[in-house]
Structure formats: structure tokens, C-alpha cells
Amino acid sequence: MTLTIRPPTPADRADWGRLFAGYAEFYGVAQSEAMRDRVWSWLHDPAKSTSGLVAQAQGRLIGLAHFRTVDDPLWAKTTGFLDDLFVDPSARGSGTAKALIDAVAAKGRAQGWPLLAWLTAADNHRARSLYDRLATPATWVTYEMTL
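Residues numbered from 1 in each chain as written. Predicted model: local features only at pLDDT ≥ 70, side-chain atom pairs only at ≥ 80, totals over all residues. Heavy atoms only, no water.

**Thoughts on the packing of helix H3 (residues 96-111) against helix H4 (residues 125-134)**
Packing of H3 against H4 leaves a shortest axis separation of 11 Å and a crossing angle of 45°. In terms of axis orientation, H3 runs oblique to H4. When the axes of H3 and H4 are compared, the crossing they make is right-handed. Here H3 contributes Ala97, Lys98 and Ile101 to the contact with H4, which in turn contributes Leu130, Tyr131 and Leu134. Considered class by class, the residues forming the contact of H3 with H4 number 5 nonpolar, no polar and 1 charged. (Axes fitted to C-alpha atoms, helices over the stretch in contact; angles between N-to-C directions. Helix = DSSP H or I, 4+ residues; strand = E, 2+ residues; numbered from the N terminus. Parallel < 35°, antiparallel > 145°, perpendicular 65-115°, else oblique. Left-handed = near helix turned anticlockwise from the far one by under 90°. Contact = heavy atoms within 4.5 Å. Nonpolar A, V, L, I, M, F, W, Y, C, P; charged D, E, K, R; others polar.)

Dropping the structure here:
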């Protein structure tokens, strides 16, 4: 399988939307088309910090990654944060997730980020087996406050 990692183009909107809807479903988030439209607009707005990459094989998108820069006071630098990573279930195990992470990391290195961080659900065992090979688990405990 020939895999291409690249930024999304306007022609990718429907395929990207299918993948992003699958990501939201995986995490049990009720997501509307209007929400996807908003995120799609962020990916194409240079004033926003959110960027994206897609993985394409055999003429269709099989994965996506959304990431952003974060001003990190502790490091006194801009770092990277990988918000969303999703591979179509039919393409899992193909190396697509690693290729997407590697591409985000390459962009971060080029921008001088000292680190790239991301979160996943504790029970996302399949993804964590990859993440444990690529990165060091953080010692930080994450909290969420609904506002």
C-alpha cells in the first residue's frame, strides 16, 4: 500500500468528514455536521493554531491527525499538541497512525518544538501499544472541569 501524508484539500471535505465522524463516535461524542464544518474551517484558517494532516491510500483518505501549537510557559517555548488521531478501522495495523505521528513530529522539529504531547483514553489499548513504542508516558494526571 502506498501511503501519502499531506494537508487536507477542499476536495477532501467529505472523506475527512467521514473519518472525523468515526473518531467522534469512537470516543462517544455526539458531533453534528455544523461542528465538523467549524473544525474544517479551522484547518484552513491561518489565524487558527489548529492544523491537520490526512493519510491517503488508493485514492481515498484512511486517516487524519489534528494538531496545534501551544505556548508552554514551563518550557518558555511553543510546543505541539496532537489533538486527534484516527485511522479507518479497515486500515488499522497498516502503519498509518505511526506515519501520521511521524509527520506531525517532523513539522514540530522544523518549527523548533521541544516536544509533542497527546492524550488518549486509558482503555484505548491498541493505540497505547503504538504510543508506548513511540513516546514516553507522561507522569501528569489529567483533570477536566466542565464549564
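**Looking at the pairing of strand S3 (residues 60-72)**
Sheet topology places strand S2 (residues 50-57) next to S3; 8 bridges connect them, and they run antiparallel. From the neighbouring strand, Gln56 faces S3, where its bridge partner is Leu61. Between S2 and S3, which pair antiparallel one after the other, the connecting turn spans 2 residues, and Gln58 there sits at a positive phi close to 50°. Where S3 meets strand S4 (residues 77-87), 10 bridges bridge the pair, whose relative direction is antiparallel. The residue of S4 that forms the bridge with Gly63 is Val87. Connecting S3 to the next strand, S4, in antiparallel fashion are 4 residues, including Ala76 with a positive phi near 55°. (Pairing = 2+ DSSP bridges.)

**A closer look at the packing of helix H1 (residues 13-26) against helix H2 (residues 33-43)**
In contact at an axis separation of 11 Å, H1 and H2 are set at 115° when each is read in the N-to-C sense. For H1 against H2, the interelement crossing comes out right-handed. Along the contact surface, H1 presents Arg13, Trp16, Gly17, Phe20 and Ala21, while H2 presents Glu33, Arg36, Asp37, Val39, Trp40 and Leu43. Of the residues assigned to the contact of H1 with H2, the class counts are 6 nonpolar, 1 polar and 4 charged.

**Structural notes on unusual backbone geometry**
We note that Gln58 has phi near 50°; this positive angle belongs to a residue other than glycine. Along the chain, the position of Gln58 falls in the loop between S2 and S3. Given the relative accessible area of 68%, Gln58 is considered exposed. Its identity as a non-glycine residue notwithstanding, Ala76 has a phi of 55°, on the positive side. Along the chain, the position of Ala76 falls in the loop between S3 and S4. Ala76 gets classed as exposed once you look at its relative accessible area, which sits at 68%. (Buried < 20%, exposed > 50% of the residue type's maximum accessible area, 1.4 Å probe, protein only.)

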